Amino acid sequence: MRSGFVGAVSLVALAAVLSRLLGYVREMLLAAKFGATGVTDAYLVAQEIPGAIYFVVSSSLVLAFIPVYREVVERWGEEAAWRLVNTVLNVATLAFAALWLVGELAAPALIPLLAPGFSAESERLAVSLTRVMLPILLLVSLSGLSAGVLNAHRRFAAPAFFGLASNLVVVVTLLWVQEAGQISWVAYSLVGGWALGALIQLVDLLRTGYRYRPVMDLAEPALGRVWRMLLPVLVATSVTQVQTFAARVVASHLAEGTISFLNYAVRISQLPFNVIGLALTTVIYPTLAEQSASGGQDELKETLRDGLRRLAFLLVPMAVGTALFAVPIVRVVFERGAFTPDDTRMTAAALQFYAIGILFTGWVDMLNRTFYAVQDSLTPMWTALVMIAFNIVLNVALVGPLGHAGLALSASLAPFLGSLVLLARLRMRLGRLGGREIAGSLLTYLATSGAGALLGWLVWQGGVRFLGNGTLAQLILLILALGAIVVVHVAAALLLRTPDGAELNRIAGRLLRRTRDT
């Protein structure tokens, strides 16, 4: 866990936190300016079409492109790699330009499919806003490719702060608009914000030596490998969306509000991986791709093993804390206004089961990226389809005895199965992966987090007696209780001299020496 690696992970995590905080401010301002009206509904539906395409395709393009790019650099040099970048950029941009034009023409037919209950006025507004935001599609290839190349060169800052830059433009616009008729300015600002994020990435890309060339070498063999990688990656990255849709179908037959309980619980349960786990896998992925391209199979297995262990070190205490303090977490975050104590109880029940899958979601992402690094995107795709089928079967089997909590448990068991399948397939391909070491680390971190949970629970119980159940008091106690879990977990890792504890000790030693030197 070198200081540069830790710095990169910290940077990506910080960017994720800031982007999400600004995203919450954006949603608050949108509600304050336009309320829960037909205008807001039209804006959100119109945003869904280009937004979903942008994020799914752009992130998939990053995953599919990095290993092929590293291989071209290793075998044929940077000049050939830049030619590949320009070819993919030009072909993809033309494809998305055609999709943009089709979307402009098809918008009046698409909106009724996405929102069949809209009034005629809301439908017209949604069509208009969709046409405003469709040019976002032109940014997909530039954003995805530039992020992929920058990550491959271990330049993580510009891609990490994309969301922060785009949200900032929308927030500034929302502070300026005054009336419902100005919702179109918010739509234009969304396009401008994403363009700003892409521009920031492009500027950093130019610093790596890239120069644009209007070339389209369709005979380039590496181009075919990128496209062959891309489609399976798109399927694999859509697992969460499909699982959410499947759960909502079943939940729609349960009591009113069930879909909302699941939605609120998911939003909380995804935070540990989206902020910490995704930062780790994002930084490790270029190393895996480089090791695969250079033939360093032993080094690749070691990097994977370290990655899985570090994910366990970081995510297990967060999962334990989320499960143990699900009720106060939901209460502090959501319980106000129309959100009642009963709503808190129902949401927390789902959150406790979602917490089980936090680590395994991270492991699936890490293992998928390892397969992508060796340019195998079919195994993650087929595993994703198995996970989806397993999830749907469990939804039906568990919803009876457990209600909506069964849907949450199903969503956690699917990545658990996916982790086992991917590990087994990877072992068949690469040989021994150090499974005993990985399992031993997991058990160790479950024990250290469990010890921390005991102290955290004592802190909570003692604090409630003295501070009461007010929102501010519960927030303070949550910070103290969750902090106790982390402190005990880290202290135990140091005392037991686990690999992660030893690396933390070395990092702390280097920081102390630097402090003394200055």
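Per chain, the residues get numbers from 1 upward, laid out in the order the sequence is written. Local features in this predicted model are restricted to residues whose pLDDT is 70 or higher, and side-chain atom pairs enter the listing and the counts only when it is 80 or higher, whereas totals over whole chains, interfaces and linings include all residues. To get the side-chain values, take all heavy atoms of the structure and skip hydrogens and water.

Trainee: Residues and numbers for the overall build of the chain, please.
Mentor: Scanning the chain from terminus to terminus reveals 21 helices and zero strands. Atoms counted for the radius of gyration: C-alpha only. Globule rule: 2.2 Å times residue count to the power 0.38. Whereas a compact globule of 518 residues would reach a radius of gyration of roughly 24 Å, the chain reaches 24 Å, a difference of no more than 12%. Counting only C-alpha atoms and orienting by the principal axes, one finds that the chain spans roughly 65 × 60 × 55 Å. For the chain, the proportion of contacts with a sequence separation of at least 24, taken over those separated by at least 6, is 83%. Computed with a 1.4 Å probe, the accessible areas rest on the Shrake-Rupley method; for each residue, only the protein chains presented here act as cover. Total accessible area on the chain is roughly 23,600 Å²; 66% of this is exposed by carbon and sulfur atoms. Counting from the N terminus, the helices are the DSSP runs of H or I reaching at least four residues and the strands are the DSSP runs of E reaching at least two. We call two residues in contact when some of their heavy atoms are within 4.5 Å.

Trainee: So, the packing of helix α2 (residues 38-76) against helix α4 (residues 120-133): which residues are in play, and what are the values?
Mentor: A fitted line through C-alpha atoms serves as each axis, taken over the contacting stretch for helices, and the angle formed by two N-to-C directions is quoted from 0 to 180°. Taken N-terminus to C-terminus, the directions of α2 and α4 make an angle of 40 degrees; their axes are 8 Å apart at the nearest point. It follows from the interaxial angle that α2 and α4 lie oblique. Seen from above, α2 lies across α4 with right-handed handedness. Here Gly38, Val39, Ala42, Tyr43, Ala46, Gln47, Ile49 and Pro50 of α2 lie close against α4, whose contacting residues are Ser122, Leu125, Ala126, Leu129, Thr130 and Met133. Here the angle decides the label: under 35 degrees means roughly parallel, over 145 means roughly antiparallel, 65 to 115 means roughly perpendicular, and every other value means oblique. With the far helix as reference, a near helix turned anticlockwise by less than a right angle produces a left-handed crossing, and one turned clockwise produces a right-handed crossing.

Trainee: Give me helix α9 (residues 221-237): which residues, what numbers.
Mentor: One less than the number of residues in a helix, times 1.5 Å, gives the span that helix is expected to have. Here α9 contains 17 residues, and its C-alpha end-to-end distance of 25 Å stays within 8% of the 24 Å for a straight helix at 1.5 Å per residue. Those residues of α9 lying buried are Ala222, Leu223, Arg225, Val226, Met229, Leu230, Pro232, Val233 and Ala236. For the exposure calls, accessible area comes from a 1.4 Å probe over protein chains only, and a residue counts as buried if that area is under 20% of its type's maximum, exposed if over 50%, partly exposed in between.

Trainee: Go over the pattern of salt bridges with me, naming the residues and quoting the values.
Mentor: Salt bridge criterion: a side-chain nitrogen from Lys or Arg within 4 Å of a carboxyl oxygen from Asp or Glu. Throughout the structure, instances matching the rule amount to 14 salt bridges. Residue Arg309 pairs with Asp500 through a salt bridge whose shortest N-O separation is 2.9 Å. Of this pair, Arg309 sits in helix α13 (residues 297-324) while Asp500 sits in helix α21 (residues 499-517), placing them 191 residues apart in sequence. For Arg309, a relative accessible area of 4% corresponds to the buried category. What emerges from the salt-bridge pattern is a single network uniting Arg305, Asp306, Arg309, Glu437 and Asp500.

Trainee: Describe in detail the layout of surface pockets, supporting the description with residues and values.
Mentor: A pocket, in this scheme, is an open set of points on a 1 Å grid over the protein atoms alone with protein on both sides within 12 Å along at least 5 of 7 lines, while a cavity is a set where a 1.4 Å probe fits but cannot get out; residues line either one if an atom lies within 4 Å of a point. Grid points are joined across faces, edges and corners, and a volume is the space filled by probe spheres set on the points. Approximately 960 Å³ is the volume attributed to the second largest pocket. Forming the boundary of the second largest pocket are 27 residues, of which Tyr24, Ile268, Leu271, Ile329 and Val333 lie nearest the centre. Where the lining of the second largest pocket is concerned, the elements lending two or more residues are α1 (3-34), α11 (258-269), α12 (271-293), α13, α14 (326-334) and α20 (471-495). Of all the elements, α20 adds the most residues to the lining of the second largest pocket, at six residues. The residue classification treats Ala, Val, Leu, Ile, Met, Phe, Trp, Tyr, Cys and Pro as nonpolar and Asp, Glu, Lys and Arg as charged. All others, Gly included, are polar. Tallied by class, the residues present in the lining of the second largest pocket amount to 22 nonpolar, two polar and three charged.

Trainee: Just give me the short version of the packing of aromatic side chains, but keep the residues and values in it.
Mentor: The geometry of an aromatic ring pair comes down to the distance between the two centres and the angle between the two planes. Paired rings are identified among Phe, Tyr and Trp, the last through its six-membered ring, by centres lying within 6.5 Å, and are further divided according to the angle between planes into stacked (under 30 degrees), edge-to-face (over 60) and tilted (the rest). Tallied over the full model, the rule gives 10 aromatic pairs. Ring centres 5.9 Å apart and planes at 85 degrees place the aromatic pair Trp176 and Trp185 in the edge-to-face group. The residue whose ring lies beneath Arg369 is Tyr285, and the NZ or CZ to ring-centre distance is 5.5 Å. Only when the NZ of Lys or the CZ of Arg is both within 6 Å of the ring centre and within 35 degrees of the ring normal is a charge said to sit over the ring.

Trainee: Give me the environment of His153: which residues, what numbers.
Mentor: Along the chain, His153 falls in the loop between α5 (140-152) and α6 (157-160). What makes His153 partly exposed here is its relative accessible area of 24%. In the structure, His153 is positioned 263 residues away from Phe416 in sequence and 32 Å away in space, judged by C-alpha atoms. A distance of 2.7 Å separates polar atoms of two side chains, one belonging to His153 and the other to Tyr69. In protein, a polar contact requires one atom able to donate a hydrogen and another able to accept it; more generally it is a pair of N or O atoms within 3.5 Å, and residues adjacent in sequence count only if both atoms are side-chain atoms.

Trainee: Provide a residue-level description of the nonpolar core, including the pertinent values.
Mentor: For this analysis, a nonpolar core means a set of buried residues of the types Ala, Val, Leu, Ile, Met, Phe, Trp, Tyr and Cys, connected via side-chain atoms within 4.5 Å. Judged by nonpolar contacts, the single largest core of 81 residues is most densely connected at Phe65, Tyr69, Leu84, Leu359 and Trp363. Every residue in contact with Leu84, bar those within four places of it in the chain, is listed here: Phe65, Val68, Val72, Glu220, Ala222 and Leu223.

Trainee: Kindly report on unusual backbone geometry, identifying the contributing residues and their values.
Mentor: For Arg154, which is not a glycine, the phi torsion comes out positive at approximately 60 degrees. Turning to its location among the elements, Arg154 is positioned in the loop between α5 and α6. What makes Arg154 partly exposed here is its relative accessible area of 39%. Residue Arg497 is not a glycine yet carries a positive backbone phi of 55 degrees. Take Arg497: it is sitting in the loop between α20 and α21.

Trainee: Pulling in residues and values, what's your account of the side chain of Arg309?
Mentor: At 2.9 Å, the side chain of Arg309 forms a polar contact with the side chain of Asp500. Among all residues touching Arg309, those that are not within four sequence positions of it are Glu437, Ser441, Tyr445, Pro499, Asp500 and Glu503.

Trainee: Give me the lowdown on the confidence of the model for the chain, citing residues and values where you can.
Mentor: What pLDDT expresses is the predictor's confidence in each residue, scored from 0 to 100. Of the residues in the chain, 95% reach a pLDDT of 70 or more, and the chain-wide mean stands at 85. Mean pLDDT across the elements of the chain ranges from a minimum in α21, with 74, to a maximum in helix α16 (residues 358-373), with 94.

Trainee: Give a description of the environment of Val486 that names residues and reports values.
Mentor: Tracing the backbone shows Val486 in helix α20. The exposure class of Val486 is partly exposed, given its relative accessible area of 42%. Along the chain, Val486 and Val91 lie 395 residues apart, while their C-alpha atoms are 48 Å from each other.

Trainee: Which residues make up the environment of Thr258, and what values do they have?
Mentor: With respect to the helices, strands and loops of the structure, Thr258 is situated in helix α11. On a C-alpha basis, the gap between Thr258 and Leu202 in space is 43 Å, while along the polypeptide they are 56 residues apart. In contact with Thr258, other than residues within four places in its own chain, are Ala251 and His404.

Trainee: Go over a nonpolar patch on the surface, please, and point to the residues and values.
Mentor: Residues enter patches when their relative accessible area tops 30% and they take part in no salt bridge; the joining distance is 9 Å for like charges and 5 Å for the nonpolar side chains Val, Leu, Ile, Met, Phe, Trp and Tyr. A grouping of Phe466, Leu467, Leu472, Leu475, Ile476, Ile479 and Leu480 is seen on the molecular surface, where their side chains present a nonpolar patch of about 760 Å² in accessible area. Those elements that provide at least two residues to the nonpolar patch are α19 (435-467) and α20. Residue contributions to the nonpolar patch peak at five residues, all from α20. Structurally, Ile476 can be placed in helix α20.

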